[in-house]
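In case you want the letters, here they are:
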Amino acid sequence: MKRRTSKERQFAVCVRNTGYPASLELRKIYEVLADVEGAAHGFIRVIDESGEDYLYPQKFFRSIELSHDLEVAVRRAAS
């Protein structure tokens, strides 16, 4: 199994957006930013619809691995 380095981008798909319908779209792929303190409290830091990074409940997301080509396409679509 391949281990991620801190420089590799991580992504997650939104599976729940209760209380955050304007900030999180269901089934959308979000870039995840490392946040050790947030993770210790059950949160995940993602770049949301505002283009800023915020903490959301970890249970709202499922981690996914993207192929290189798909990662490039997702990053282009977000800019």
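Reading the values: the criteria
- Residues numbered from 1 in each chain as written.
- Predicted model: local features only at pLDDT ≥ 70, side-chain atom pairs only at ≥ 80, totals over all residues.
- Heavy atoms only, no water.
- Helix = DSSP H or I, 4+ residues; strand = E, 2+ residues; numbered from the N terminus.
- Rg over C-alpha atoms; globule rule 2.2 N^0.38 Å.
- Buried < 20%, exposed > 50% of the residue type's maximum accessible area, 1.4 Å probe, protein only.
- Areas by Shrake-Rupley, 256 points an atom, 1.4 Å probe, with all protein chains shown as cover.
- Lys, Arg positive; Asp, Glu negative; His and termini not counted.
- Charge placed at Lys NZ, Arg CZ, Asp CG, Glu CD.

Caption draft 1: Structural detail: the overall build of the chain. Scanning the chain from N- to C-terminus turns up 2 helices and 5 strands. When the elements of the chain are put in sequence order from the N terminus, they spell out β-β-α-β-β-β-α. Its C-alpha radius of gyration of 12 Å places the chain within 12% of the 12 Å reference for a compact globule of 79 residues. Seen along its three principal axes, the alpha-carbon backbone of the chain occupies a region of about 35 × 30 × 20 Å. Across the 79 residues of the chain, 25% fall into the buried class. For the chain, the accessible area works out to roughly 5,900 Å², and carbon and sulfur atoms hold 51% of it. Of the side chains in the chain, 13 bear a positive and 12 a negative charge, and the two mean positions are spaced by 4 Å.

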